[in-house]
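What the coordinates show
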Amino acid sequence: MKPFLVDTHCHLHFPAYDADREQVLERMNEKNIWALTIGTAIGNARNAIKLAESTEGIWATVGLHPSHTTSDHVDTDEGEVHEHDLTVEGLVALARSSKKVVAIGEAGLDFYRLPEEREAAIQKQEKVFRTHIEAAKQLDLPLVVHCRDALSRLAEILEETGYAKGVVHSFTGTWEEAKPLLDLGMHIAVNGIATFPLRKGKDPSTAINETIKRIPVERLLVETDAPWLAPNTYRGKRNEPSYVEEVAKHAAHVRGVTLEEIAKQTTENARALFLI
Ligand SMILES: [Zn+2]
Ligand SMILES: [Zn+2]
């Protein structure tokens, strides 16, 4: 059966769901929602694969989040993250270990929170990102890209490597920032941030709503980034994939179309990109 919506970015294998994962999956089932559970390091990507292998409607990705390349910071929310050195061969082998791995990432650039050795950290992130791009190229899989405060550099790297197949997730940028990425061929995924109430002045949700309005509809994807960033209706609570409906409702409202239309289109987009 076709899904109603696809949450293209969540972390359902994280310990945040250990106590009640069955119920979370049940709520997704009731709404007929599929999801990609995104690995942020090699250790937890293995858990993502395990969950995808044992659950219908769940797919996995393998990658190393840029913030984990440059710090020894361990976020217990994510399970194990200590693998700093990864290789193209290692990524390719892990991706090939299961038919349910449908993308490489999350990987990318995060210049928002860098350690003191800024330049070295940026170099390291770029090197690790290129490793992911090379693996994705070899496998012909899409990339799941995380990018914070580095959108123009991202566009440069994607253009230079000639591999711009995939999605820039948790997008909050302006139309001017989105345009070069779309021109290269990337998809853009939006999440609960777009539903946050508008504030005065320079407000990220104003920019993202303008972007949502203008993205060619065949490049738009929806996601939750659960367990973080619950949409406004559930703000402050743990997020979960079934709340992706709120994101789709919001996108429908901004574009002036029905929820059904946005659901149908973004689901088709997700299925075509990830071949699910
Ligand atoms: Zn991310
Ligand atoms: Zn993520």
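Before reading further, recall that the structure is shown in the block above.
Definitions and cut-offs
Residues numbered from 1 in each chain as written. Chains lettered and ligands numbered in written order. Predicted model: local features only at pLDDT ≥ 70, side-chain atom pairs only at ≥ 80, totals over all residues. Heavy atoms only, no water. Helix = DSSP H or I, 4+ residues; strand = E, 2+ residues; numbered from the N terminus. Buried < 20%, exposed > 50% of the residue type's maximum accessible area, 1.4 Å probe, protein only. Contact = heavy atoms within 4.5 Å. Polar contact = N/O pair within 3.5 Å; in protein donor to acceptor, adjacent residues only side chain to side chain. Donors = N, O, S within 2.8 Å, 3.2 Å for Na, K, Ca; no water. Lys, Arg positive; Asp, Glu negative; His and termini not counted. Salt bridge = Lys/Arg side-chain N within 4 Å of Asp/Glu carboxyl O. Core = buried A, V, L, I, M, F, W, Y, C linked by side-chain atoms within 4.5 Å.

Looking at the secondary structure, you find Asn-191 in the loop between strand E7 (187-190) and helix H7 (204-214). A residue is classified by how much of its surface remains accessible, and Asn-191, at 1% relative accessible area, is buried. Non-local contacts of Asn-191, meaning those with residues more than four positions away in its chain, are made with Ser-170, Glu-223, Thr-224, Asp-225, Leu-229 and Val-247. One polar contact links Asn-191 to Ser-170, side chain to side chain, over a distance of 2.9 Å. A polar contact is formed between the side chain of Asn-191 and the side chain of Glu-223, at a distance of 2.8 Å.

On the protein side, the zinc ion (ligand 1) has Glu-106 (OE), His-146 (ND1) and His-169 (NE2) as donor atoms, found 2.1 to 2.2 Å from it. Donor residues for the zinc ion (ligand 1) sit on one chain with the sequence pattern E-x39-H-x22-H. Between the zinc ion (ligand 1) and the zinc ion (ligand 2), a spacing of 3.4 Å is present, and a bridge between the two is formed by Glu-106. Of this pair, Glu-106 sits in strand E4 (residues 101-110) while His-169 sits in the loop between strand E6 (166-168) and helix H6 (175-184), and the two are 63 residues apart along the sequence. The pair formed by Glu-106 and His-169 is uniform in burial state, with each residue classed as buried.

Relative to the elements of secondary structure, Thr-174 occurs in the loop between E6 and H6. Residue classification places Thr-174 among the partly exposed residues on the basis of a relative accessible area of 28%. When the C-alpha positions of Thr-174 and Thr-206 are compared, they lie 8.6 Å apart, and in sequence the two are 32 residues distant.

Our next topic: the coordination of the zinc ion (ligand 2). Looking at the zinc ion (ligand 2), one finds its protein donor set to be His-9 (NE2), His-11 (NE2) and Glu-106 (OE), positioned 2.0 to 2.1 Å from the metal centre. Read N to C, the donor residues that coordinate the zinc ion (ligand 2) are spaced as H-x1-H-x94-E.

The next point concerns the side chain of Glu-223. Looking at where Glu-223 falls in the secondary structure, it is placed in the loop between strand E8 (220-222) and helix H8 (244-255). Of the side chains with opposite charge, Arg-148 comes closest to the buried, unpaired Glu-223, at an N-O distance of 12 Å. A polar contact is formed between the side chain of Glu-223 and the side chain of His-169, at a distance of 3.0 Å. Non-local contacts of Glu-223, meaning those with residues more than four positions away in its chain, are made with Asp-7, Thr-8, His-9, His-169, Ser-170, Ala-189, Val-190, Asn-191, Gly-192, Val-244 and Val-247.

With that settled, consider the nonpolar core. One recurring pattern in soluble globular proteins: nonpolar side chains tend to sit buried together. Residues Leu-12, Val-62, Phe-129, Leu-154, Leu-158 and Leu-181 are the most contacted members of the largest nonpolar core, which totals 77 residues. Examining the composition of this core, we find that eight residues originate from one element, helix H4 (residues 118-139), more than from any other. In contact with Leu-154, not counting residues within four places along its chain, are Leu-109, Phe-129, Val-145, Cys-147, Val-168 and Leu-181. In terms of nonpolar packing, the next biggest core, distinct from the first, is built from 15 residues, Leu-36, Ile-38, Ala-103 and Ile-276 among them.

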